[in-house]
Amino acid sequence: MPHDVLPPDPFADDPDDPAKEIADREEPIGEPISDEERSELLADLADLTVYQALLEPRGVRGIVVDCGECDLPHYHDWHLLKASLEQLLADGRMRPHEPAFDPDPADYVTWDYCRGFADGITATENAY
């Protein structure tokens, strides 16, 4: 929607703007990613494309990642993980996102499982 169609911000230029507190809590922009990190992210995106092509037709919805901060598994659908990696590549950080709603753990696999599955397919194809 074009900005000029929206109603004016009632708190524009208000020093007591309640949204200011939210903006103050945002994390500062960190250091840009290094060339090595950029290469690793590009490789991860390429791998993710292969994993999705191999596993999505078999009913796998995405990848599960164990979170180091909360010690809980995070379930990422293919498109969400791709978008997150692309955002990390572009911005140097990932913004928070909504977790998958009531995911079925059986629909997700680990990154290592994906790698092993792809390696198994490659080895099988090379054997013939």
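A. A look at the nonpolar core. Counting residues in each nonpolar core, the largest one holds 17 residues, and the members touching the most others are L48, I63, W78 and C114. If we skip the residues at most four places from it in the chain, L48 touches I63, W78, L81, K82, L85 and W111.

B. Seen up close, helix α2 (residues 35–55). Here α2 spans 30 Å end to end across 21 residues, near enough to the 30 Å set by a 1.5 Å rise per residue. The complete set of buried residues in α2 reads L41, L45, L48, Y51 and L55. Each buried residue of α2 lies within a common arc of 130° when the element is viewed along its axis, so the set occupies one face. In α2, the exposed positions that point more than 90 degrees away from the buried face belong to D35, E36 and A53. Buried-residue contacts for α2 involve β1 (62–66), α3 (78–91), β3 (108–109) and α4 (111–127).

C. Main features of the sheet that holds strand β2 (residues 73–77). Reading across the sheet, the three strands line up as β2-β1-β3 and stay open at both edges, with mixed pairing between neighbours. Sheet topology places β2 and β3 at the edges, where each strand pairs with a single neighbour.

D. View of the packing of α2 against α3. Two elements in contact, α2 and α3, have axes separated by 10 Å at closest approach and are oriented at 165°. In terms of orientation, α2 and α3 fall into the roughly antiparallel class. Read as a crossing pair, α2 and α3 show a hand that is left-handed. Facing R38, L41, L42, D44, L45, L48, Y51, Q52 and L55 of α2, the residues of α3 in contact are W78, L81, K82, L85, E86, L88 and L89. Per-class residue counts for the contact of α2 with α3 are eleven nonpolar, one polar and four charged.

E. Examining unusual backbone geometry more closely. Unlike most non-glycine residues, D71 shows phi in positive territory, near 60°. Its location among the elements puts D71 in the loop between β1 and β2.

F. The confidence of the model for the protein chain, seen in detail. Residues with a pLDDT of 70 or more make up 86% of the protein chain, whose mean pLDDT is 84. Taken element by element, the predicted model of the protein chain shows its lowest mean pLDDT in helix α1 (residues 19–25) (65) and its highest in β3 (97).

So, how was this worked out
Residues numbered from 1 in each chain as written. Predicted model: local features only at pLDDT ≥ 70, side-chain atom pairs only at ≥ 80, totals over all residues. Heavy atoms only, no water. Core = buried A, V, L, I, M, F, W, Y, C linked by side-chain atoms within 4.5 Å. Buried < 20%, exposed > 50% of the residue type's maximum accessible area, 1.4 Å probe, protein only. Contact = heavy atoms within 4.5 Å. Helix = DSSP H or I, 4+ residues; strand = E, 2+ residues; numbered from the N terminus. Expected span 1.5 Å × (residues − 1). Arc of directions from axis to C-beta. Pairing = 2+ DSSP bridges. Axes fitted to C-alpha atoms, helices over the stretch in contact; angles between N-to-C directions. Parallel < 35°, antiparallel > 145°, perpendicular 65-115°, else oblique. Left-handed = near helix turned anticlockwise from the far one by under 90°. Nonpolar A, V, L, I, M, F, W, Y, C, P; charged D, E, K, R; others polar. pLDDT = per-residue confidence, 0-100.

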